[in-house]
Amino acid sequence: MKPSGSNVDPVVVAADESIELGNMSPLKGLVTEEEYHALEEKFNKAIALKDFDIDDVKASRAYVEAYVTFFKMAEGEEHGHGHDHGHHHGH
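Residues numbered from 1 in each chain as written. Predicted model: local features only at pLDDT ≥ 70, side-chain atom pairs only at ≥ 80, totals over all residues. Heavy atoms only, no water.

## Digging into the packing of helix 2 (residues 33-50) against helix 3 (residues 57-76)
So, step 1. Viewed as axis vectors pointing N to C, helix 2 and helix 3 meet at an angle of 155°, and their least axial separation amounts to 8 Å. Our classification of the angle between helix 2 and helix 3 gives roughly antiparallel. In this structure, helix 2 crosses over helix 3, and the sense of that crossing is left-handed. Between helix 2 and helix 3, the contacting residues are A38, L39, K42, F43, K45, A46, L49 and K50 on the first element and A62, Y63, A66, Y67, T69, F70, M73 and A74 on the second. (Axes fitted to C-alpha atoms, helices over the stretch in contact; angles between N-to-C directions. Helix = DSSP H or I, 4+ residues; strand = E, 2+ residues; numbered from the N terminus. Parallel < 35°, antiparallel > 145°, perpendicular 65-115°, else oblique. Left-handed = near helix turned anticlockwise from the far one by under 90°. Contact = heavy atoms within 4.5 Å.)

As structure tokens, then:
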């Protein structure tokens, strides 16, 4: 579930690593204190849902949603605030 595009934002890469590791250390230094705390909220939500039962479609959907929200946020910090205009990543 890697974001598409050749030049991947280092913050997104770090966010991906954070999900893998289960902690946000890769993001330290890449985002401001404020952003870190905001991301932490999304991150904790994603992590809480990460260990879902694979057979539980509703849980997996909730996890993916939290995961995507986490990334949109990590990604969005680079491009100012506000909603992204039509570059949604399909499966």
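Read on for the rest.
## Describing helix 3
So, step 1. Taking 1.5 Å of rise per residue, 20 residues should cover 28 Å, and helix 3 covers 28 Å from first to last C-alpha, within 8% of that figure.
So, step 2. Where helix 3 is buried, its residues meet helix 1 (10-21) and helix 2. (Expected span 1.5 Å × (residues − 1).)

## A word on the nonpolar core
So, step 1. Counting 18 residues, the largest nonpolar core has I19, M24, L27, L39 and F70 as its most contacted members.
So, step 2. Counting only elements with at least two residues in this core, the list comes to helix 1, helix 2 and helix 3.
So, step 3. Contact partners of L39, with chain neighbours within four places excluded, come to M24, L27, V31, F70, M73 and A74. (Core = buried A, V, L, I, M, F, W, Y, C linked by side-chain atoms within 4.5 Å. Buried < 20%, exposed > 50% of the residue type's maximum accessible area, 1.4 Å probe, protein only.)

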